[in-house]
Amino acid sequence: MSSFIQVYKSVRRFTKANYNPSSRSQFAVWENEFFSKAGYWKEGTLYLNAMARTNISLENKELIILQEEPKLKAQEPTTQEVGELHSFQQLTAPQAYEIFYIKRSEKGFSIHLNYDDHSMNIGIPKRSNHKIADLRRGEAIRYRINGKSDFSLSRGKERSFTELDYIIYYQGEIERLVYLASNKIETRKGIPLQSIKEVDERKFLS
């Protein structure tokens, strides 16, 4: 049986002039809920937008991840369409996903930072690859990391800063997969912000 993880992702890039506590804080506040057309899991059934039909099935899949990027409070509201789907067949060994490795564990899944393969996306300072957290069914974690890219000495470009923010929610197991038309799948999604485990690995950057 396939497991289902819902991921909410936020990536923000700043120039040096705009990278200050005020601008950072306004892009760190998630809305409690948003409208989505990408899909949702409910009582063992995964509902997906029919536009994603050719991309995924339950056959031989151990894990399916639906990733969305809902707008934050500082941005204009939007409705997510298909979202980003990821599927994995074997998770006894670590599998690459976004800036992470993910693998099956006795507790559910373990999430690891894969800095070596994503140093250009995250920026400096350098981090080592490491385990972030265990993820159990019905639980969510929030992971935050930042970095800077400095081309000012070599290319005459301005220094930039990146803030990455993920909410990773292991909702349950998938017994059935149903595709719905875009005009039938829209739903209001709540982001699990209460009692969430937070791992904040941001550094002070200047």
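Residues numbered from 1 in each chain as written. Predicted model: local features only at pLDDT ≥ 70, side-chain atom pairs only at ≥ 80, totals over all residues. Heavy atoms only, no water.

**Side note on the pattern of salt bridges**
On inspection of all chains with the given rule, the structure shows 15 salt bridges. Across the salt bridge formed by Asp-165 and Arg-142, the nearest N and O atoms sit 2.6 Å from each other. One end of the pair, Asp-165, is in strand β12 (residues 160-174); the other, Arg-142, is in strand β11 (residues 140-149), and 23 residues separate them in sequence. Glu-163 serves as the salt-bridge partner of Arg-202, at 3.7 Å between the closest nitrogen and oxygen. Pair noted here: Arg-202 is in the segment after β15 (197-200) and Glu-163 is in strand β12, with a separation of 39 residues, a long-range link. Judged by its relative accessible area of 27%, Arg-202 is partly exposed. Of the residues examined, Glu-163 reaches a relative accessible area of 11% and is grouped as buried. Residues participating in the shared-partner salt-bridge network are Arg-142, Arg-144, Asp-165 and Glu-198. (Salt bridge = Lys/Arg side-chain N within 4 Å of Asp/Glu carboxyl O. Helix = DSSP H or I, 4+ residues; strand = E, 2+ residues; numbered from the N terminus. Buried < 20%, exposed > 50% of the residue type's maximum accessible area, 1.4 Å probe, protein only.)

**Let's talk about the packing of aromatic side chains**
Within this structure, the stated rule accounts for nine aromatic pairs. Where Tyr-8 meets Phe-34, the ring centres are 5.7 Å apart and the plane angle is 90°; that geometry is what we call edge-to-face. Of this pair, Tyr-8 sits in strand β1 (residues 2-15) while Phe-34 sits in strand β2 (residues 33-36), placing them 26 residues apart in sequence. Taking relative accessible area as the criterion, Phe-34 reaches 9% and is therefore assigned buried. Taken together, a centroid distance of 6.2 Å and an interplanar angle of 25° make the contact between Tyr-97 and Phe-100 stacked. (Phe/Tyr/Trp six-rings, centres within 6.5 Å; stacked < 30°, edge-to-face > 60°.)

**Observations regarding the sheet that holds strand β10 (residues 130-135)**
Within a beta sheet, neighbouring strands are joined by backbone hydrogen bonds and run either parallel or antiparallel to one another. One open sheet accounts for four strands, arranged β7-β8-β9-β10; its pairing is antiparallel. Sheet topology places β7 (95-97) and β10 at the edges, where each strand pairs with a single neighbour. Geometrically, the sheet is characterised by an average inter-axis angle of 30° between neighbouring strands, direction not taken into account. (Pairing = 2+ DSSP bridges. Axes fitted to C-alpha atoms, helices over the stretch in contact; angles between N-to-C directions.)

**Observations concerning the pairing of strand β3 (residues 39-42)**
Inspection of the sheet shows β3 paired to strand β4 (residues 45-49) by four bridges, in the antiparallel sense. Looking across to β4, one finds that Gly-39 is bridged to Leu-48. Between β3 and β4, which follow one another and run antiparallel, lie two residues, and Glu-43 among them has a positive phi close to 50°.

**A closer look at the nonpolar core**
Formed by 27 residues in total, the largest nonpolar core has its most connected members in Ile-5, Phe-100 and Ile-168. Mapped by element, the contributors of at least two residues to this core are β1, β5 (63-68), β8 (100-105), β9 (108-113), α2 (115-122), β10, β11 and β12. Among the elements that take part in this core, β12 stands out by supplying four residues, more than any other. Apart from residues no more than four positions distant in its own chain, Ile-5 is found in contact with Leu-63, Ile-64, Ile-65, Leu-66, Ile-102, Phe-109, Leu-135, Ile-168, Tyr-169 and Tyr-170. Counting residues in hydrophobic clusters, the runner-up holds nine residues, among them Ala-38, Ile-64, Leu-66 and Tyr-179. (Core = buried A, V, L, I, M, F, W, Y, C linked by side-chain atoms within 4.5 Å. Contact = heavy atoms within 4.5 Å.)

**Some details on the sheet that holds β12**
Taken together, six strands build an open sheet; the order of strands is β6-β5-β1-β12-β11-β15 and the sheet is mixed. Unpaired on one side and paired on the other, β6 (84-88) and β15 mark the two borders of the sheet. Adjacent strand axes in the sheet meet at a mean angle of 20° when their direction is disregarded. Where β1 and β5 come together, six bridges link them in parallel fashion. Residue pairing across strands places Phe-4 opposite Ile-64, the latter belonging to β5. This element, α2, spans β1, β11 and β12 of the sheet and lies at about 65° to β11.

**So, the side chain of Arg-144**
Mapped onto the fold, Arg-144 is located in strand β11. Reaching out from Arg-144, the side chain makes a polar contact with the side chain of Glu-198 at a distance of 3.5 Å. Ignoring sequence-local partners within four residues, the contact set of Arg-144 consists of Ala-28, Leu-164, Asp-165, Glu-198, Val-199, Asp-200, Glu-201 and Arg-202. (Polar contact = N/O pair within 3.5 Å; in protein donor to acceptor, adjacent residues only side chain to side chain.)

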